[in-house]
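Each chain, letter by letter, is given below.
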Amino acid sequence: MSFVMDAIDATVAITGMNATDNPAPGVPVARALRHDPSFQGRIVGLGYDALDPGFYAQGLVSSGAILPYPSAGREALRARLRWVREELGMDVLIPNLDSELRTMVALSPELELEGTHTFLPSLESIERASKVNLPKLADQADIDIPPSEALVSASSIPEAARRLGLPLVVKGVYYGATVAANEADATAAFHRFAAQWGLPVIVQSYIPGEEYNVAALGDGKGNLVGAVAMRKMMLTDKGKGWCGVAIDNPDLLRICEAVVGTLRWRGPLEVEILKNGRSGEYFVIEINPRFPAWIHLSAGAGLNLPLFAVRLALGLPLPSPLPRYRAGTLFVRISVDQISDLATFEQLAATGVLRPDPAFMEKVSHV
Amino acid sequence: MDHQQSRLPDLALSDSGFVFDPLTGHTFTVNLTGQFALRCLKDGMSSEETATRLGETFAIDDGEDAGRDVQDFVLQLRDCGLVR
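A. A look at the overall build of chain B. Per the secondary structure count, chain B includes three helices and three strands. For chain B, the succession of helices and strands along the chain, N to C, is β-β-β-α-α-α. With respect to the three principal axes, the spread of C-alpha positions in chain B is 35 × 25 × 20 Å. Here chain B holds 84 residues, and 43% of them are scored as buried. Surface summary for chain B: the accessible area is close to 4,700 Å², and the carbon and sulfur share equals 48%. When the 7 positive and 15 negative side-chain charges of chain B are each reduced to one mean point, those points stand 8 Å apart.

B. Quick look at helix H6 (residues 157-164) of chain A. Residue and element names in this part refer to chain A. Along H6, the residues that are buried comprise Ile157, Ala160, Ala161 and Leu164. The buried residues of H6 occupy an angular sector of 100° when projected down its axis, which confines them to one face. Along H6, exposed side chains directed more than 90 degrees from the buried face belong to Arg162 and Arg163. Of the surrounding elements, those touching the buried residues of H6 are strand E5 (148-151), strand E6 (168-171), helix H7 (183-197) and strand E8 (201-205). After H6 finishes, the residue Gly165 shows a positive phi value of roughly 85°.

C. A look at the sheet that holds strand E2 (residues 42-47) of chain A. Residues and elements named next belong to chain A. Strands sit in the order E4-E1-E2-E3-E15 across an open sheet of five strands; the sheet is mixed. Edge positions in the sheet fall to strand E4 (92-94) and strand E15 (353-354), since each of these pairs with one other strand and no more. Note: E2 against strand E3 (residues 63-66), four bridges, orientation parallel. Within E3, the position partnered with Val44 by the bridge is Ser63.

D. Just a nonpolar patch on the surface, in detail. All names here are of chain A. Residues Met233, Met234, Leu330 and Val332 make up a contiguous nonpolar surface patch of about 370 Å² in total accessible area. Within the residue set of the nonpolar patch, elements represented by two or more residues are strand E10 (224-235) and strand E14 (330-332). With respect to the helices and strands, Met234 occurs in strand E10. What makes Met234 partly exposed here is its relative accessible area of 45%.

E. The arrangement of the sheet that holds E14(A) in detail. All names here are of chain A. On the basis of which strands lie adjacent, the open sheet formed by six strands has the order E13-E12-E9-E10-E11-E14 and antiparallel pairing. Taken across any chain shown, the strands that pair with only one partner, and hence form the sheet edges, are strand E13 (282-288) and E14. Averaged over all adjacent pairs, the angle separating strand axes in this sheet is 25°, with direction ignored. Where strand E11 (residues 241-247) lies against E14, three bridges are found, and the strand directions are antiparallel. The residue bridging Val245 from the neighbouring strand is Leu330, located in E14.

F. Structural detail: the interface of chain A and chain B. Each partner contributes to the interface: chain A provides 11 residues, whereas chain B provides six residues. Approximately 660 Å² of surface area, both sides summed, lies buried where chain A meets chain B, with 54% of it carried by carbon and sulfur atoms. Among the residues of chain A in contact with chain B, A:Arg231, A:Ile247 and A:Asp248 are the three that bury the most area, contributing 38% of the side total. Our enumeration of links across chain A and chain B arrives at zero salt bridges.

G. How the structure looks around the packing of aromatic side chains. All names here are of chain A. Evaluation of the coordinates by the stated rule reveals four aromatic pairs over all chains. Summarising the aromatic geometry, the rings of Tyr48 and Tyr69 are spaced 5.6 Å apart at their centres and angled 15° between planes, so their arrangement reads as stacked. Within this pair, whereas Tyr48 is found in the loop between E2 and E3, its partner Tyr69 is found in the loop between E3 and helix H2 (74-87), the two being separated by 21 residues in sequence. For Tyr48, a relative accessible area of 14% gives the class buried. Relative to Trp197, the ring of Tyr174 lies with its centre 6.2 Å away and its plane at 85°, an arrangement referred to as edge-to-face. With Tyr174 in the loop between E6 and strand E7 (177-180) and Trp197 in helix H7, this pair connects stretches of sequence that are 23 residues apart. In this structure an aromatic cluster arises from ring pairing among Tyr174, Tyr175 and Trp197. Arg80 extends its terminal NZ or CZ atom over the ring of Trp83, reaching a point 4.7 Å from the ring centre. Geometry around Phe193 places Arg192 over its ring, the cationic atom sitting 5.3 Å from the centre.

The rules we used
Residues numbered from 1 in each chain as written. Chains lettered and ligands numbered in written order. Predicted model: local features only at pLDDT ≥ 70, side-chain atom pairs only at ≥ 80, totals over all residues. Heavy atoms only, no water. Helix = DSSP H or I, 4+ residues; strand = E, 2+ residues; numbered from the N terminus. Buried < 20%, exposed > 50% of the residue type's maximum accessible area, 1.4 Å probe, protein only. Areas by Shrake-Rupley, 256 points an atom, 1.4 Å probe, with all protein chains shown as cover. Lys, Arg positive; Asp, Glu negative; His and termini not counted. Charge placed at Lys NZ, Arg CZ, Asp CG, Glu CD. Arc of directions from axis to C-beta. Contact = heavy atoms within 4.5 Å. Pairing = 2+ DSSP bridges. Patch = residues over 30% accessible without salt bridge, like charges linked within 9 Å, V, L, I, M, F, W, Y side chains within 5 Å. Salt bridge = Lys/Arg side-chain N within 4 Å of Asp/Glu carboxyl O. Axes fitted to C-alpha atoms, helices over the stretch in contact; angles between N-to-C directions. Buried area = accessible area lost by both parts, 1.4 Å probe. Phe/Tyr/Trp six-rings, centres within 6.5 Å; stacked < 30°, edge-to-face > 60°. Lys NZ or Arg CZ within 6 Å of the ring centre and 35° of its normal.

Rendered as structure tokens:
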């Protein structure tokens, strides 16, 4: 079923061009936009490394730029984004990485004044959805989560293990999770995540069961704009979904609605939910304040959430009623060797910029 | 089997015997007789009616065998969480 929407001729900047075996969501967000023929605009890929694979995806990004790492601070990012807007264009900005999101949100009023629109949650909402604050949110939204504790010292692990039981799920404050069968493994994981992402490190009771994911878009007023639920069918050795299937599960959508409603979430998010294999109860294990890396599935299944996010950022109406997505739509990832040339790498490595190719629109592929 | 407690009507069943559960994303395959039985159960027939239809359609002489096979099949569906 196709819905005719007025064409979008805007320049959309998308961060997260990394697309390795632990891919960032930037490339799938860009592919979702290109998926819809109504998107006639340009995409500026924003990444952190000259070899981020999204820069080399032919027909996907019209231009690109390397951003300073979040550790360089807000001023450096502000200056770089201003440069990107002036040189490459940036009517809409979609940040896709947890680590950069807070700074992007803080900058969004200024970006708005300069003509760059965003559709992002408030800093308060992001904080309330963070792993550390999940127990409080669970009470407010009346949802279940596995018993969790935020630890700032590895010396707390034995006590936490006694309270929560073994095995423990150990999680970094931004990324990463591992199941630790004993205290020694949990301690090693604690140090690894603390070194990589800082403190605290979160430990949760391990609940055996099956994981489901819901990608969604909130309107900022407490309403769910749309959501797509998915079950991963195959995982990589890093636990990342390599293929999955869209499912139609009202329980998952209800949980997502409760989260979005309680937080008055504005913009994209992913809710990770575990179904206890024995009791059938659902537990929210994590909320990611951005689109997930499997978001292209939403476009493939007929509910193009990235496109809707762009439309909302630009103040454009959405189709009414929204289409229902097709349960049973699969994504199967593939690892592809992209052929490029030295000149492209040279531009990115030497200048940090991928200049627009005048013939780009002829190469655009609507995938 | 209490069909009020069953999710069988929601299952997508193809002619090849491939089954998709849209609630969980699980997939299954059933053979020809399983496919037949599943269609009967999806249509709301009882296990007994399903066994009778199975016996007639596949010329199973012993009605008890068909009944036992359907009961086993329903147990498997229960293990898969498709009926309670």
